[in-house]
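Here is what each chain is made of, one letter per residue.
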Amino acid sequence: MIETGEILQTMQMIQEQNFDIRTITLGINLLDCSHPVAEACAARVYDKICMTAKDLVKTGEAIERELGIPIVNKRISVTPISLICQGDPRPIAMALDRAAKEMGVNFLGGYSALMQKGATKADERLVESIPEVLATTERLCSSVNVGSTRAGINMNAVRQMGQIIKKTAELTADNDSLGCAKLVVFCNAVEDNPFMAGAFCGVGEPECAINVGVSGPGVVKTALEKVKGQPFDVVAETIKRTAFKITRVGQLVAREASQRLNIPFGIVDLSLAPTPARGDSVAHVLTEMGLEMAGAPGTTAALALLNDAVKKGGVMASNHVGGLSGAFIPVSEDIGMIEAAAAGQLTLEKLEAMTCVCSVGLDMIAIPGDTSAETISGIIADEAAIGMVNSKTTAVRVIPAVGKKAGDTVEFGGLLGFAPVMPVNTCSNAEFIARGGRIPAPLQSLKN
């Protein structure tokens, strides 16, 4: 039970500290929708989503009104489409986008392929279709897993995804290459992630499940303001206690949604997901620890402390913490990151170092439009290596903004925000990427 004192603290977090439930995401298993005829498969997919998710948005809005807790997004994640597609995946993509609009959800994730060890024909067809699909749909998100600690890194897939990201950017050039904001490349992708663009319903998941993503960097920053100058032991304890409170609210919302929809409660993903709004920035949590700007020496250590303390606080509040839980560092979605990047204090190389200790990876980073496909593949390979060796999830969501150069700005709007175009290392890596094959799994893959 949540006590009166917790309720009052929650109301203060909402009213003064930008606290919200970032998303209620309904995972739906589509394995029984497979059919050799693409149009028939698409019809099955559309019908199952509409049947299962018909009350999702209505229920989320009711919980929001009754509890007074903002729920920013209602989303759907589905089985990776490459697992059910026996032919052309594009009719299924159109059906997914149509279902998302019909259900009134903000995004639908799962136009995905799992290629960490190799690619099936279905994987190949889906990946080739991604640029066209993301250019012609509105709410559909796509992800591709190219590596894992158990399998190593599929460098053929890494090479291909550099090309796919370039094509997607070109096909959506009129919108600052917005299609790339709906595409993420993973290593060690998780099966219960409620956050876009990487959400999908993994094969180990039940028929359907409610997963909730919680945010709250503003709440953490406010808590740290009260311990200014105190040792890091105090900082860590303060973050843990704050994360506990945040997670309790997420669990309340998840259980309410689960009961009302009669759908099993999956997980609470306690991720400090920022927005472009001032007062809702992970970067400002780091500066509250004593850094002038994100990117200053000490940034990686500060982020490591934050990520760890958030997880420790969360697992004490719920037995169902999962997803990516920790701290996100998406540049375009965090006003503190935006300002640090624009000032030249936060570089791509520093962000890569930070991904060693954060929840995901290089996220929502705009790069010059003339960046080569090989360079993008190299960025993906580096991030995948960090994830593979450290047994953690890493990802790359970069936007090569067509017609833009370093120092320009791209505008996406809404939660996706805006970002300065960041310079990239232009040394050639073409021969490295051309090798293809597979980087073998590290020794820790033999744990058994």
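Parameters at a glance
Residues numbered from 1 in each chain as written. Predicted model: local features only at pLDDT ≥ 70, side-chain atom pairs only at ≥ 80, totals over all residues. Heavy atoms only, no water. Patch = residues over 30% accessible without salt bridge, like charges linked within 9 Å, V, L, I, M, F, W, Y side chains within 5 Å. Areas by Shrake-Rupley, 256 points an atom, 1.4 Å probe, with all protein chains shown as cover. Salt bridge = Lys/Arg side-chain N within 4 Å of Asp/Glu carboxyl O. Buried < 20%, exposed > 50% of the residue type's maximum accessible area, 1.4 Å probe, protein only. Core = buried A, V, L, I, M, F, W, Y, C linked by side-chain atoms within 4.5 Å. Contact = heavy atoms within 4.5 Å. Helix = DSSP H or I, 4+ residues; strand = E, 2+ residues; numbered from the N terminus. Polar contact = N/O pair within 3.5 Å; in protein donor to acceptor, adjacent residues only side chain to side chain. Expected span 1.5 Å × (residues − 1). Pairing = 2+ DSSP bridges. 1 Å grid on protein atoms, 1.4 Å probe; cavity = no way out; pocket = protein on both sides within 12 Å on 5 of 7 lines; lining within 4 Å. Points joined across faces, edges and corners; volume = space filled by probe spheres on them. Nonpolar A, V, L, I, M, F, W, Y, C, P; charged D, E, K, R; others polar.

Q: Would you take a moment to explain a nonpolar patch on the surface for this structure?
A: Taken together, the side chains of Leu31, Leu83 and Val203 define a hydrophobic patch exposed on the protein surface, amounting to about 250 Å² of accessible area. Using a relative accessible area of 40% as the deciding quantity, one classes Leu31 as partly exposed.

Q: Please explain the nonpolar core as it appears in this structure.
A: Note on soluble globular proteins: their nonpolar side chains tend to be buried together. By size, the foremost hydrophobic cluster in this structure holds 127 residues, and its most contacted members are Leu30, Ile49, Ile76, Ile81, Leu96, Ile239 and Leu306. Once residues lying within four places of it in the same chain are set aside, the contact partners of Ile49 are Ile28, Leu30, Lys54, Ile76, Val78, Leu96, Ala99, Met103 and Leu108. Grouped together as the second largest cluster of nonpolar side chains are twelve residues, Ala273, Leu324, Val360 and Ala395 included.

Q: Can you help me understand the side chain of Ser271 in this one?
A: The residue Ser271 is located in strand E8 (residues 265-272) in this model. The exposure class of Ser271 is buried, given its relative accessible area of 0%. Of note is the side chain of Ser271, whose polar atom sits 3.3 Å from the backbone nitrogen of Ser325. Sequence-distant contacts of Ser271, defined by excluding residues within four places in its chain, comprise Phe195, Val214, Ser215, Leu324, Ser325, Gly326 and Phe328.

Q: Hey, could you run me through helix H4 (residues 90-103) in this one?
A: Count 3.6 residues to each turn of an α-helix, and residues three or four apart come out pointing the same way. Here H4 is 14 residues long and its end C-alpha atoms lie 20 Å apart, about the 20 Å a rise of 1.5 Å per residue gives. Turning to H4, its buried residues are Ile92, Ala93, Ala95, Leu96, Asp97, Ala99, Ala100 and Met103. The inward-facing, buried residues of H4 abut helix H2 (38-52), helix H3 (56-67), strand E2 (71-78), strand E3 (107-114), helix H5 (121-136) and strand E4 (140-148). Gly104 sits one or two positions beyond H4 and adopts a positive phi of about 80°.

Q: Would you explain unusual backbone geometry in this entry?
A: The omega torsion across Met196 and Ala197 is 10°, close enough to zero to call that bond cis. With respect to the secondary-structure elements, Ala197 resides in the loop between strand E6 (183-187) and strand E7 (208-214). Positive phi outside glycine occurs at Asn262, with the angle close to 55°. Mapped onto the elements of the fold, Asn262 is located in the loop between helix H8 (232-261) and E8.

Q: For this particular structure, what's the right way to read the pattern of salt bridges?
A: Should the charged atoms of two oppositely charged side chains come close, the side chains can pair. Enumeration according to the criterion identifies 22 salt bridges in this entry. With its nearest N and O atoms 2.7 Å apart, the salt bridge here joins Arg260 to Glu66. Here the residue Arg260 occupies a position in helix H8, and Glu66 occupies one in helix H3, the gap between them amounting to 194 residues. The exposure class assigned to Arg260 is partly exposed, which follows from its relative accessible area of 35%. Between Arg90 and Glu132 there is a salt bridge, with its nearest N and O atoms 3.2 Å apart. With a gap of 42 residues between them, Arg90 in helix H4 and Glu132 in helix H5 connect regions that are remote in the sequence. For Arg90, a relative accessible area of 34% corresponds to the partly exposed category. Classification of Glu132 by relative accessible area gives partly exposed; the value is 38%. Counted as one network, the salt bridges with shared partners bring together Asp97, Lys101, Glu138 and Arg139.

Q: Help me understand the pairing of E4, please; the structure alone is not making it clear to me.
A: A large share of E4 lies buried, amounting to nine of its nine residues. Inspection of the sheet shows E3 paired to E4 by six bridges, in the parallel sense. Each bridged residue has a counterpart across the sheet, and for Leu108 the counterpart in E4 is Leu140. As defined by bridge partners, E4 adjoins E6 across five bridges and the pair is classed as parallel. Among the inter-strand pairings, Ser142 is bridged to a residue of E6, identified as Leu183. In this structure, E4 lies alongside strand E5 (residues 152-154), joined through two bridges in antiparallel fashion. Bridge pairing links Ser148 to Gly152 in E5. Following E4, the chain reverses through three residues before pairing antiparallel with E5.

Q: Looking at this structure, I do not really get empty space enclosed by the protein. What am I missing?
A: A probe as big as a water molecule, rolled over the atoms, marks out the empty space that is left. Scanning all chains against the criterion turns up one cavity of 30 Å³ or more. Roughly 30 Å³ of internal volume is contained in the largest cavity. What lines the largest cavity is Val146, Val185, Phe186, Cys187, Ile380, Glu383, Ala384, Thr394, Ala395 and Val396. Its residues assigned to classes, the lining of the largest cavity shows eight nonpolar, one polar and one charged.

Q: Would you take a moment to explain the side chain of Lys74 for this structure?
A: Structurally, the position occupied by Lys74 is in strand E2. In this structure the side chain of Lys74 is engaged in a polar contact, spanning 3.5 Å, whose partner is the side chain of Glu64. Side-chain polar atoms of Lys74 contact the backbone oxygen of Ile71, separated by 3.2 Å. Excluding residues within four positions of it along the chain, Lys74 makes contact with Ile24, Val57, Gly60, Glu61, Glu64, Val105, Asn106 and Phe107.

Q: Mind showing me how you'd approach the pairing of E7 here?
A: Along any regular strand the residues' side chains alternate between the sheet's two faces. Counting buried positions over the seven residues of E7 gives seven, a clear majority of the element. Of the two faces of E7, the one carrying Cys208, Ile210, Val212 and Val214 and the one carrying Ala209, Asn211 and Gly213 are both buried. Here seven bridges tie strand E1 (residues 21-28) to E7, and the two strands are oriented antiparallel to one another. Within E7, the position partnered with Thr25 by the bridge is Asn211. Note that E7 and E8 share four bridges and pair parallel. When the bridges of E8 are listed, Gly213 appears paired with Asp269.

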